[in-house]
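Summary of structural features
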Amino acid sequence: MAVLAGRNADIYLATGSGTAMTGEATTSLGGNVYQITDAARRAINPNASLTVLDGATPIPSSRYQVAYGSGKIYLLAAPAGTVTVTGEYLTLSKVAQATDWTLDVQPVLEEVQVFGDSWKSRARVGGDATCTFARFYDDNYFHTNATSYYVINCYADYAGGVRWMFGAMQNSMSVNTGENETIKENVSFSVHGVLDYVNT
């Protein structure tokens, strides 16, 4: 079994308002997953209207999910025609790197037991994830940008580009230190949309 050393974690901030894209081409990755072909347009704006088309026919939003950070569309069924995307993309700027990070992935479970059952039963109805970054305190950036939208990369293999990539909203920020110690900052995020595992 290969043992991997931690190498990198990057936080990107969406700068400015989104830029419109119409009929943006996608590339099939197999398994009914499609990714925006133009790498510069893959950070999809989650706050703008998004339309995914199968040929000329809009696909209902209940029939797909979006990985906002990597520009991937996960369809529930195979399309009949060419998949394109109309919406907005964001320009990203790297704002921070971490000294360590934690990614917690949890299923969303609902209780499904009925009267007379002695034990609880549960069904998985979705997924959720949170991410916490630690870094040396540098400025008040994450306090003043607490409501911003971010795209985050958590690398398992930096040289090979293996990482978890996702859009995120900031949950909290804390600063801590002790006598004669460096000042450290912890920032917590919630994943927005699909948590994408990239292995390229």
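Residues numbered from 1 in each chain as written. Predicted model: local features only at pLDDT ≥ 70, side-chain atom pairs only at ≥ 80, totals over all residues. Heavy atoms only, no water.

Side note on the nonpolar core
Nonpolar side chains tend toward joint burial in soluble globular proteins. Stated formally: Nonpolar cores were defined as sets of buried Ala, Val, Leu, Ile, Met, Phe, Trp, Tyr and Cys residues, with membership established by side-chain atoms within 4.5 Å. Throughout, exposure labels follow a simple rule: accessible area from a 1.4 Å probe, protein chains only, divided by the maximum for the residue type, with under 20% read as buried, over 50% as exposed, and the rest as partly exposed. Secondary structure follows DSSP: runs of H or I at least 4 residues long count as helices, runs of E at least 2 residues long count as strands, and numbering of each begins at the N terminus. Whether two residues are in contact is decided by their heavy atoms, any of which lying within 4.5 Å being enough.
Judged by nonpolar contacts, the single largest core of 23 residues is most densely connected at Ile 44, Tyr 64, Val 66, Ile 73 and Leu 75. Listed by contribution, the elements that provide at least two residues to this core are strand 1 (9-30), strand 2 (33-36), strand 5 (64-67), strand 6 (72-75), strand 7 (83-97) and strand 10 (149-157). For this core, the element with the highest residue contribution is strand 7, accounting for four residues. Those residues in contact with Leu 75, other than ones at most four positions away along the chain, are Asn 32, Tyr 34, Ile 59, Arg 63, Tyr 64 and Val 83. Residues Phe 133, Phe 142, Phe 166 and Ala 168 belong to the second largest nonpolar core, which totals 18 residues.

Looking at a nonpolar patch on the surface
Definition in use: Nonpolar side chains (Val, Leu, Ile, Met, Phe, Trp, Tyr) are joined into patches within 5 Å and like charges within 9 Å, using only residues with over 30% relative accessible area and no salt bridge. Under the convention used here, a 1.4 Å probe and the Shrake-Rupley method define accessible areas, while residue burial counts only the protein chains that appear. Salt bridge, as used here, is a side-chain nitrogen of Lys or Arg placed within 4 Å of a carboxyl oxygen of Asp or Glu.
A surface patch of nonpolar side chains, amounting to about 240 Å² of accessible area, comprises Tyr 137, Val 175 and Ile 183. Using a relative accessible area of 41% as the deciding quantity, one classes Ile 183 as partly exposed.

Quick look at the side chain of Lys 72
Of note, Lys 72 is situated in strand 6. Judged by relative accessible area, Lys 72 falls into the buried class, the value being 10%. Here Lys 72 is in contact with Leu 29, Val 33, Tyr 34, Gln 35, Gln 65, Val 66, Ala 67, Asp 196 and Tyr 197, once residues within four sequence places are set aside.

Comments concerning the pattern of salt bridges
Counted according to the given criterion, the structure contains seven salt bridges. Measuring nitrogen to oxygen at the nearest pair gives 2.9 Å for the salt bridge that ties Arg 41 to Glu 24. Of the two residues, Arg 41 sits in the loop between strand 2 and strand 3 (51-54) while Glu 24 sits in strand 1, which places them 17 residues apart along the sequence. We note a salt bridge from Glu 185 to Arg 135, for which the minimum N-O separation is 2.7 Å. Here the residue Glu 185 occupies a position in strand 12 (residues 184-199), and Arg 135 occupies one in strand 9 (residues 122-136), the gap between them amounting to 50 residues.

Section: the pairing of strand 10
The side chains of a regular strand alternate, residue by residue, between the two faces of the sheet. Where we set the bar: For two strands to pair, DSSP has to find at least two bridges joining them.
Most of strand 10 is tucked away: eight of the nine residues are buried. By the bridge criterion, five bridges tie strand 1 to strand 10 in an arrangement that is antiparallel. Its bridge partner being in strand 10, Tyr 12 is matched across the sheet by Val 151. Both strand 10 and strand 11 (residues 162-176) contribute to a ladder of eight bridges, which runs antiparallel. Among the inter-strand pairings, Asp 157 is bridged to a residue of strand 11, identified as Val 162. Taken together, strand 10 and the strand that follows it, strand 11, pair antiparallel across an intervening segment of four residues, in which Gly 161 is found at a positive phi of about 75 degrees.

A closer look at the environment of Val 83
Among the structural elements, Val 83 can be located in strand 7. Once the C-alpha coordinates of Val 83 and Gly 55 are considered, the two residues, 28 residues apart in sequence, prove to be 6.2 Å apart. Other than its neighbours up to four places away in sequence, Val 83 contacts Glu 24, Thr 26, Tyr 34, Val 52, Leu 53 and Leu 75.

What to know about the packing of aromatic side chains
The criterion, for reference: In this scheme Phe, Tyr and Trp rings, the latter by its six-membered ring, pair at centre separations within 6.5 Å, and the angle between planes marks the pair as stacked below 30 degrees, edge-to-face above 60, and tilted otherwise.
For the structure on display, the rule yields seven aromatic pairs. Between Tyr 150 and Phe 189 the ring centres are 5.3 Å apart and the planes differ by 70 degrees, which places this aromatic pair in the edge-to-face class. With Tyr 150 in strand 10 and Phe 189 in strand 12, this residue pair connects regions lying 39 residues apart in the sequence. Each member of the pair Tyr 150 and Phe 189 is classed as buried.

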